[in-house]
Amino acid sequence: MNCFRGFLALSFAFVWATTTFLAGPAEAQDTSSGASSKSDQWIHVRVESKEDRGETVRVNVPIEMAAKVLPAIHDQNLHDGKVRIDGDKMNKDVDLRALLDAVRSSRDGEYVTVQSHESNVRVAKNGGYLYVHVTDKGDANKAAAKDGEKAAGAHESKVEIKVPMKVVDALLSAGKDELDIVAALKALSAHGDTELVTVKDDENTVRVWVDSKNVSD
């Protein structure tokens, strides 16, 4: 399962860097109009809480602005537009660059499917995109599955990641153990509208996508 953890670390590091550090600048943007120029891409994050208060958080950031602001931010693992991945977050026994190069140079197809008591994992490539789908079955489901049963009322957490291969290439263009967020943003902007990440669990629903609108859905 090490390679799957690597894929997840790769994708979430990108989302984490572009949203956590740009939430402040995003609040200063004028979002009164419904759409911007088609050439101006925006990255959107929407988090919907399923708790009693039912809060919804939306972050909308122009990719062009993000690419300019990120190099000026130096905080923890983020420096000069690049995120350094700690050894405990990216397994050293998995060469992601070699793995992704093999996927990139191969024909489209479903490369890995794993079904277990703990989780289901699917890794595939199609139409220039890398897909990673992970379902965590939850503690109740895991225990019941071992006994050949299905837990009543058990809940699952689902993560679906869809990343253009050109963006992955740009992300990995930095040095070893680093992710080039600025290069990935530029590649993402040139790619057009796309859905990046969806996460669904008992507490929140998270969606990250890119389009030419300056307001989220």
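Everything below is about the structure printed above this text.
Calculation notes
- Residues numbered from 1 in each chain as written.
- Predicted model: local features only at pLDDT ≥ 70, side-chain atom pairs only at ≥ 80, totals over all residues.
- Heavy atoms only, no water.
- Pairing = 2+ DSSP bridges.
- Helix = DSSP H or I, 4+ residues; strand = E, 2+ residues; numbered from the N terminus.
- Axes fitted to C-alpha atoms, helices over the stretch in contact; angles between N-to-C directions.
- Salt bridge = Lys/Arg side-chain N within 4 Å of Asp/Glu carboxyl O.
- Buried < 20%, exposed > 50% of the residue type's maximum accessible area, 1.4 Å probe, protein only.

Caption draft 1: Geometry of the sheet that holds strand 6 (residues 119-126). In space, the eight strands of this open sheet follow the order 2-1-11-10-8-7-6-5, with antiparallel pairing throughout. Two strands in the sheet have a free side with no partner beyond their single neighbour: strand 2 (56-62) and strand 5 (109-115). Here the strands of the sheet are splayed against their neighbours by 10° on average, with no regard to which way each runs. Looking at chain direction, strand 8 (residues 157-164) and strand 10 (residues 194-200) are connected through four bridges and run antiparallel. Along strand 10, the bridge assignment pairs Lys158 with Lys200.

Caption draft 2: Representation of the pattern of salt bridges in the model. Inspection of every chain in the model, using the stated rule, returns four salt bridges. Between Glu48 and Arg46 there is a salt bridge whose closest N-O contact spans 3.2 Å. With its nearest N and O atoms 2.5 Å apart, the salt bridge here joins Glu195 to Arg207. Residue Glu195 is located in strand 10, and its partner Arg207 is located in strand 11 (residues 204-211); the two are separated by 12 residues in the primary sequence. For Glu195, a relative accessible area of 28% gives the class partly exposed.

Caption draft 3: How the structure looks around the sheet that holds strand 3 (residues 78-79). Reading across the sheet, the three strands line up as 3-4-9 and stay open at both edges, with antiparallel pairing between neighbours. Strands with a single pairing partner mark the edges of an open sheet, and in this sheet they are strand 3 and strand 9 (178-180). Relative to strand 9, strand 4 (residues 82-84) runs antiparallel, the two being bridged by three bridges. Residue pairing for strand 9: Lys82 is matched across the bridge by Asp180.

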